[in-house]
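So the chains spell out like this:
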Amino acid sequence: MEPPRRPTRAELDAAVGRTMPDIIAPGLRVLFCGINPSLYSVVVGHHFARPGNRFWPTLHAAGFTPRRLKPAEQLELVGLGYGITNVVDRATATAAELSAEELVQGGRQLVAKVRRYRPRFIAVLGVSAYRAAFNRPEAVLGLQPEPLGEARLWVLPNPSGLNAHYRLEDLARLYAELRHVAASG
């Protein structure tokens, strides 16, 4: 099998500020919400596509998917009851390039999206982004006391390879906690 194409520097530079379409449908079991798309993901057209990102291995290890999906297979998530969106739509090289205002505005847009599509759970992937977007400076990982729209809200660690605080085993354990709760209710 041919390895995925690696974007050129010119393609990455041209991707700054572009957006990615959501992988979404009404009534999903869990809508995973990244912080914002990477330049790499925008160029190749798949969420969490950067080679060091651990989203896809984590989903499989946590039991969300029957096998490790490749980013190019992202649409298979909808058939399993899952989807992907972002707090902020704008692609950047790193999430640190996002302003506090962008995160707050993205939080408002996420609420509207959740009200429209009505997932049972929304899983924000990044506690710092969640804190900033929703003015919850004391928030911790796990199930949040307040819903987002009518969805139950869960905060998980960002699966980016840049998030060295969590090993794949740690991510899988934390994501599996959400899977168990989402499957039971």
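Reading guide: rules and limits
- Residues numbered from 1 in each chain as written.
- Predicted model: local features only at pLDDT ≥ 70, side-chain atom pairs only at ≥ 80, totals over all residues.
- Heavy atoms only, no water.
- Phe/Tyr/Trp six-rings, centres within 6.5 Å; stacked < 30°, edge-to-face > 60°.
- Helix = DSSP H or I, 4+ residues; strand = E, 2+ residues; numbered from the N terminus.
- Buried < 20%, exposed > 50% of the residue type's maximum accessible area, 1.4 Å probe, protein only.
- Expected span 1.5 Å × (residues − 1).
- Contact = heavy atoms within 4.5 Å.
- Arc of directions from axis to C-beta.

## Remarks on the packing of aromatic side chains
Tallied over the entire structure, the rule returns 8 aromatic pairs. Ring plane angle 55° and centroid distance 6.1 Å describe the contact between F32 and Y82, whose orientation is recorded as tilted. Of this pair, F32 sits in strand β1 (residues 30-34) while Y82 is found in strand β2 (residues 82-86), placing the two residues 50 residues apart along the sequence. For the pair formed by F32 and Y82, the shared burial category is buried. Measuring from centroid to centroid gives 5.1 Å for F64 and Y82, while their planes differ by 85°, and the two rings are edge-to-face. On the criterion of sequence distance, the pair formed by F64 in the loop between α3 (55-61) and α4 (76-80) and Y82 in strand β2 is long-range, its members being 18 residues apart. We classify Y82 as buried; its relative accessible area is 5%. Here the aromatic cluster, defined as three or more aromatic residues joined through ring pairs, consists of F32, F48, F55, W56, F64 and Y82.

## Things to note about helix α7 (residues 168-184)
In a regular helix each residue adds 1.5 Å, so 17 residues correspond to 24 Å; α7 covers 24 Å between its end C-alpha atoms and thus fits that length. Looking at α7, one finds that the buried residues are D170, L171, A172, L174, Y175, A176, L178 and A182. Contacts made by the buried residues of α7 are with β1, α3, β3 (121-125) and β5 (152-156).

## Observations concerning helix α5 (residues 100-117)
The end-to-end C-alpha separation of α5 is 26 Å, in line with the 26 Å expected for 18 residues at 1.5 Å each. The complete set of buried residues in α5 reads L103, G106, G107, L110, V111, K113, V114 and Y117. The buried residues of α5 occupy an angular sector of 165° when the element is viewed end-on, so they sit on one face. Structural note: α5 exposes E101, R108, R115 and R116 on the side pointing more than 90 degrees away from its buried face. For α5, the secondary structure elements touched by its buried residues are β1, β2, β3 and α6 (127-134).

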